[in-house]
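Spelled out from the first residue to the last, the chains are:
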Amino acid sequence: FPEVDIGFRPFGHRVVVQIRRVVAKTKSGIILSAGTKDEEIYNGQVAKLVAVGPLAFKKRTTGEEWPEGIWASVGDFVKVPRWGGDRWTVDLMDGDEPVMLAILSDVDLIGAYTGDVTKVRSHLV
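So, a few notes on the structure that sits alongside this text. (Residues numbered from 1 in each chain as written. Predicted model: local features only at pLDDT ≥ 70, side-chain atom pairs only at ≥ 80, totals over all residues. Heavy atoms only, no water.)

To continue, consider the environment of threonine 114. Inspection of the secondary structure assignment puts threonine 114 in the segment after strand E6 (111-112). For threonine 114, a relative accessible area of 82% corresponds to the exposed category. Sequence separation between threonine 114 and phenylalanine 77 is 37 residues; the distance between their C-alpha atoms is 7.9 Å. (Helix = DSSP H or I, 4+ residues; strand = E, 2+ residues; numbered from the N terminus. Buried < 20%, exposed > 50% of the residue type's maximum accessible area, 1.4 Å probe, protein only.)

Structure follows, in structure tokens:
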């Protein structure tokens, strides 16, 4: 999860997450094809919460926190829906793979990871 200026501020109850980047080659040195990387990008469900709107995790009408509280904060690693959100990419200045970002509703976050997110793998169903 490289640091990147997302150039975006979410409104209302929306949040912005940075989707985990896809590796260009496997640990054994096999370079992944563009098709395989593209497929893995859209199957990625591990993300880092990078921005929250002013009404995220709050009652929409009053602005008060939900009784359940705020369940995710900027910097947390979260599980996101495979196909949800409005997604876009931001190119990095070093020429490395672009970073994918997604705008979601706060209620679309599935949960927070508490372990090592580098060990989480997504699978097609």
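The subject of this paragraph is the sheet that holds strand E3 (residues 77-79). Spatial ordering of the open sheet is given by E4-E5-E1-E2-E3-E6, a layout of six strands whose pairing is antiparallel. The sheet is open, and its two edges are formed by strand E4 (86-90) and E6, each paired on a single side. Bridging between strand E2 (residues 46-52) and E3 involves three bridges; their strand directions are antiparallel. Among the inter-strand pairings, lysine 48 is bridged to a residue of E3, identified as phenylalanine 77. (Pairing = 2+ DSSP bridges.)

Of all seven residues in strand E5 (residues 99-105), seven are buried, a share of seventy percent or more. Side chains Val99, Leu101, Ile103 and Ser105 project from E5 onto one buried face, and the interleaved Met100, Ala102 and Leu104 project onto a second face that is buried too. Note: strand E1 (residues 14-19) against E5, six bridges, orientation antiparallel. When the bridges of E5 are listed, valine 16 appears paired with isoleucine 103. Where E4 lies against E5, five bridges are found, and the strand directions are antiparallel.

Moving on: the environment of glycine 84. Secondary-structure assignment places glycine 84 in the loop between E3 and E4. Sequence separation between glycine 84 and aspartate 108 is 24 residues; the distance between their C-alpha atoms is 8.0 Å.

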